[in-house]
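Structural overview for review
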Amino acid sequence: MLNKERKDSFFNKNKKYFDFISNNLKNVYNEPKAFVRTYGCQQNVADSEKFKGMLQKMGYEIVSDPKEASFILFNTCAVREHAEDRVFGNVGALKSLKRRNPNMIIALCGCMMEQEHISNKIKMSFPFVDLVFGTHSMEDFPKLIYKVMQEKKRVFEHKNDERTICEHVPTFRDGKFKAFLPIMYGCDNFCSYCVVPYVRGREKSRECENIIEEARDIIESGYKEITLLGQNVNSYGKTLDNHVSFAQLLKKVDDIDGDYWIRFMTSHPKDAKKELINTMASGKHICNHLHLPVQSGSNRILKLMNRHYTKEQYLEIIYYAKEKLKDVSLTSDIIVGFPGETYDDFCETLELIKEVSFSSLYTFIYSKRVGTKAALMKDPISYQEKSQWFNELLKVQNDISKEYCKKFLNRKMRVLVEGKAVKDGNLTARSSENLIVDIKGNEDLIGKFVNVKIVEAKDWFLKGNLI
Ligand code: SAH
Ligand code: SF4
């Protein structure tokens, strides 16, 4: 198949729906505009870029203010209760917009909507919502809007079969120099606290050639950073007929010519092997940063979490990374207050983070998720006590982050300039280690690599001068 034909394949398959919607938009709205709000992780950001791409292809202009829009889509997250509560609050607020503009279409999708109890709640309590569909139905988006417009009734799509991978879906990238590139979907790990395998389904990898083709396109379009995305990137390739390991894929992307950086997330410690670290060490474009969520430093809790590694195995790969990658930036996710966790277990987490010396941490208080194994476990510690542990963790990590930042004082670094701080007008840049570097400079450097000398190390960021 010709390249152009391949790239139009999704559109051609859905042409009937795209055409119907475009015509409908011309008849109903003067200037059709669409607003998409994304909750949660980078995978959701990447999915939203596809929704925006499809909406644009239908004839919508993508806008950043929901009040201007005639189509509103919320792409939701179900990982923690807090994220779900925010969605309900924000959906409620759409009622008055819809009253003012009855032709408006309101749609909800993503992980939350894959859960039947949530989709039922929306059906009963939010009658102004027109369309609800889960992650398995993402690529049916044009067909679902067509149904809402043609049948003029509410559509609640709940697919029981798994999502099939659809290539060449039009994409509207939010960033001008940083791009997300999903390499796989779903998760097979069933960590006992986590809802992701239930709402995103079984793990499926994209074909290696499709990923490389997209990476090449991204780099040729001038992007400076690609982030390869998956819930567990290290098990990439398991579902492919021609097995390719994640390290091999990383190397293939790294082999593409150009001036760009590669990041990837998330790595699961049980599947992160020396091969990955060796590829990072020999890579030309791969950032000096490894995000390796440990969740807990207690072997008892790791077992209850169904993580399939011990603290000792975790440290083994960490020490190997430290040996092979000079001053590598290590980051992690920690859950505080998993059901049955004691203060002694928590202290083991504190010990571990001191031993590893992470550059930063993403920390969460355990949130009970319907349908997961942990939701059935006894959870005697109060939220208040968990919050105290949580604050203790932040304090310990703060000192560790400060120490890590100090390593870079007086050093020369290459950074990618990302934007301008509203507060002081300085430029904010990011190093290969994912450290924020504050510099003085002209706005036209945004989106470019520059060399800086680090002149100050703050608690969690650096200050540098352009060289
Ligand atoms: N697939 C990735 C990330 C998944 S979600 C991984 O395995 O690392 C991102 C983070 O959210 C997890 O690493 C975990 O720390 C946190 N998380 C997931 N479920 C949670 C829950 N029920 N309560 C609190 N934090 C949770
Ligand atoms: Fe959730 Fe575990 Fe899968 Fe990550 S690896 S998405 S934490 S089940």
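Refer to the structure above for everything that follows.
Given the structure is predicted, the values throughout are model-derived calculations rather than measurements. (Residues numbered from 1 in each chain as written. Chains lettered and ligands numbered in written order. Predicted model: local features only at pLDDT ≥ 70, side-chain atom pairs only at ≥ 80, totals over all residues. Heavy atoms only, no water.)

The next point concerns the pattern of salt bridges. Evaluation of the coordinates by the stated rule reveals 34 salt bridges. In this structure, Glu84 engages Arg369 in a salt bridge whose closest nitrogen and oxygen atoms are separated by 3.2 Å. You can see Glu84 sitting in helix α5 (residues 81-92) and its partner Arg369 sitting in the loop between β14 (360-365) and α16 (383-406), a full 285 residues away along the chain. Look at Glu84 and you get buried, because its relative accessible area is 7%. Between Lys284 and Asp255 there is a salt bridge, with the nearest N and O atoms lying 3.7 Å from each other. On the criterion of sequence distance, the pair formed by Lys284 in the loop between α12 (274-282) and β12 (289-291) and Asp255 in the loop between α11 (246-254) and β11 (261-265) is long-range, its members being 29 residues apart. The exposure class assigned to Asp255 is partly exposed, which follows from its relative accessible area of 37%. The network of salt bridges with shared partners includes Glu49, Glu167, Arg173, Arg206 and Glu214. (Salt bridge = Lys/Arg side-chain N within 4 Å of Asp/Glu carboxyl O. Helix = DSSP H or I, 4+ residues; strand = E, 2+ residues; numbered from the N terminus. Buried < 20%, exposed > 50% of the residue type's maximum accessible area, 1.4 Å probe, protein only.)

This part is about the packing of helix α15 (residues 343-356) against α16. Relative to each other, α15 and α16 sit at 15 degrees, their axes nearing to 10 Å. One way to sum up the angle between α15 and α16 is to call them roughly parallel. Crossing geometry of α15 relative to α16 is assigned as right-handed. On α16, the residues touching Tyr343, Phe346, Leu350, Ile353 and Lys354 of α15 are Trp389, Glu392, Leu393, Val396, Gln397 and Ile400. Residues belonging to the contact of α15 with α16 are distributed by class as follows: eight nonpolar, one polar and two charged. (Axes fitted to C-alpha atoms, helices over the stretch in contact; angles between N-to-C directions. Parallel < 35°, antiparallel > 145°, perpendicular 65-115°, else oblique. Left-handed = near helix turned anticlockwise from the far one by under 90°. Contact = heavy atoms within 4.5 Å. Nonpolar A, V, L, I, M, F, W, Y, C, P; charged D, E, K, R; others polar.)

Taken together, the residues surrounding ligand 2 are Cys187, Asn189, Phe190, Cys191, Tyr193, Cys194, Val196, Pro197, Gln231, His268 and Arg307. Residues that form the shell around ligand 2 fall into these classes: seven nonpolar, three polar and one charged. (Near = heavy atom within 4 Å.)

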